[in-house]
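Here is what each chain is made of, one letter per residue.
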Amino acid sequence: MLNTILVTGGAGYIGSHTTLCLLEKGYEVVVIDNLANASKESLKRVEKLTGKKLTFFEVDLLHETDIHKVLSCHPNIRQVIHFAGLKAVGESTDDPLRYYHNNLTGTLHLLRALESTNIRQMVFSSSATVYGYPTTIPVNEHAPIQPTNPYGHTKAMIEQIILDTIAAYNWGVVILRYFNPVGAHASGEIGEDPAYPNNLLPYITQVAAGVREKVTIFGDDYPTPDGSGVRDYIHVVDLAHAHIAALGALDKQPTGAQLYNVGTGKGYSVKEVLEATQAVVDRPIPVEVGPRRAGDVAELTSDPSRAHAALGWNAKHDLKEMVRSAWHWQSKNPHGYRKQ
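Residues numbered from 1 in each chain as written. Predicted model: local features only at pLDDT ≥ 70, side-chain atom pairs only at ≥ 80, totals over all residues. Heavy atoms only, no water.

**Some thoughts on the packing of aromatic side chains**
Scanning all chains against the criterion turns up 3 aromatic pairs. Both rings, one in tyrosine 196 and one in tyrosine 203, keep their centres 5.9 Å apart while their planes meet at 75°; by these two values the pair is edge-to-face. Judged by relative accessible area, which is 49%, tyrosine 196 ranks as partly exposed. (Phe/Tyr/Trp six-rings, centres within 6.5 Å; stacked < 30°, edge-to-face > 60°. Buried < 20%, exposed > 50% of the residue type's maximum accessible area, 1.4 Å probe, protein only.)

In structure tokens form, the structure reads like this:
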């Protein structure tokens, strides 16, 4: 019988897609989310798509007693996928104290609650932002940890907290360092729903849909083939399946730390993503070129070979499929999960 999985932040973009995959695989799922960056509508749609029920609690990890209440109601939980946290790089720079308080304190509360109930297996949602300015491309898991913004620092700090927890209490944790998640479920029923897009592709699709006026390319003078920044984009469904593979890895190796990059290993420039989107939507997208943003790097792509070998996982979607699914979601949901 498959374990019951606790998913923190399970109503969010990556969390909802992973919850859907978990239900499809036959897991029982308990979701906690404070709905600060998410909508409960995503979970309703997950249930409709899968024909299966999940359990939801509106809980903020800053309230430790509420975490204990959830765990006491579900003593069959044996593994956790931890997504919950604030995640906008620019916002973290403007309000670092909020980010450190939310991401670090929330995680500490979760870990203490789990340890007190003898739940010692976790998949943690980390980020390629921990690498900062990479010294070599593509980036492998041995690259220096040198984040350049408070959000990245919170991820790096949580990774260290987890490593110390493993050493002290004999936990088993898989840390997944994401590159750039994009796209949406093939149904177009769940997808990325930011109030204001901080990421490239949802901004482009909103411009294509007429929700926003134009796309700004922040710098076209980088040392890249076309001058625009290059990133490793990964389809959110591929990313969700990486979490399923990580749970399997915990079954095989119940204790200790496992660390994997989750990307495609291929970089696409801002201009390439724009061109791919214009081809999918079959219309011109208004664009302007602006100055570089502070903290942006010219190129950041992954070496995912360790995940391929150890997890038996590979990304399956190419850029055109990523863009097509993002546009399908945008077209069906011009205002996201909000009522039109």
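**Overview of the side chain of threonine 107**
Mapped onto the elements, threonine 107 comes out in helix H5 (residues 96-116). Side-chain polar atoms of threonine 107 contact the backbone oxygen of asparagine 103, separated by 2.8 Å. Aside from chain neighbours lying at most four places away, what touches threonine 107 is His82, Asn102 and Ile158. (Helix = DSSP H or I, 4+ residues; strand = E, 2+ residues; numbered from the N terminus. Polar contact = N/O pair within 3.5 Å; in protein donor to acceptor, adjacent residues only side chain to side chain. Contact = heavy atoms within 4.5 Å.)

**Some points on the environment of asparagine 198**
Here asparagine 198 shows up in the loop between strand E7 (180-182) and helix H7 (200-208). For the pair asparagine 198 and glycine 90, spaced 108 residues apart in the sequence, the C-alpha separation amounts to 8.2 Å.

**Quick look at the sheet that holds strand E14 (residues 299-300)**
Read across the sheet, 3 strands follow the order E12-E9-E14 without closing on themselves; strand pairing throughout is mixed. Both edges of this open sheet fall to strand E12 (268-269) and E14, since each of them pairs with a single strand only. In this sheet, E12 lies alongside strand E9 (residues 230-231) in antiparallel orientation, the contact comprising 2 bridges. Note on E12: the bridge partner recorded for arginine 231 is tyrosine 268. (Pairing = 2+ DSSP bridges.)

**Observations regarding unusual backbone geometry**
Residue proline 138 follows isoleucine 137 across a cis peptide bond; omega there is 0°. Here proline 138 shows up in the loop between strand E5 (121-127) and helix H6 (150-169). In this structure, asparagine 118 is a non-glycine residue whose phi angle is positive, near 65°. Structurally, the position occupied by asparagine 118 is in the loop between H5 and E5. In this structure asparagine 118 comes out as partly exposed when scored by relative accessible area, which is 47%.

**Brief notes about the nonpolar core**
In this structure, Leu22, Val29, Leu54, Val123, Leu176 and Trp313 are the most contacted members of the largest nonpolar core, which totals 43 residues. Of all the elements in the fold, those that place two or more residues in this core are strand E1 (4-8), helix H1 (13-24), strand E2 (28-33), helix H2 (40-50), strand E6 (172-178), helix H8 (236-252), strand E11 (256-262) and helix H10 (305-311). Looking at which element gives the most residues to this core, the answer is H8, with 11 residues. Valine 123 has contacts with Val80, Ile81, His82, Val174, Leu176, His243, Ala246, Leu247 and Leu250, leaving out every residue within four places of it along the chain. Counting 25 residues, the second-largest nonpolar core is a separate cluster that includes Ile32, Val80, Ile162 and Trp171. (Core = buried A, V, L, I, M, F, W, Y, C linked by side-chain atoms within 4.5 Å.)

**Looking at the pattern of salt bridges**
Between side chains of opposite charge, pairing is possible as soon as their charged atoms come close. Here the structure, examined in full by the defined rule, presents 12 salt bridges. The residue arginine 45 makes a salt bridge to glutamate 41 at a minimum N-O spacing of 3.0 Å. In this pair, arginine 45 and glutamate 41 both sit in helix H2, 4 residues apart, roughly one turn of the helix. Classification of glutamate 41 as partly exposed rests on a relative accessible area of 26%. (Salt bridge = Lys/Arg side-chain N within 4 Å of Asp/Glu carboxyl O.)

**Overview of the sheet that holds E11**
An order of E3-E2-E1-E4-E5-E6-E11 is seen for the 7 strands of this open sheet, with the pairing classed as parallel. The sheet is open, and its two edges are formed by strand E3 (55-58) and E11, each paired on a single side. Direction aside, neighbouring strands of the sheet carry axes that sit 15° apart on average. Where E5 and E6 come together, 7 bridges link them in parallel fashion. Its bridge partner lying in E6, glutamine 121 is registered against glycine 172. (Axes fitted to C-alpha atoms, helices over the stretch in contact; angles between N-to-C directions.)

**With respect to the environment of alanine 143**
Its location among the elements puts alanine 143 in the loop between E5 and H6. The class of alanine 143 is buried, set by a relative accessible area of 16%. Note: C-alpha distance between alanine 143 and tyrosine 131 (12 residues apart in sequence) is 6.9 Å.

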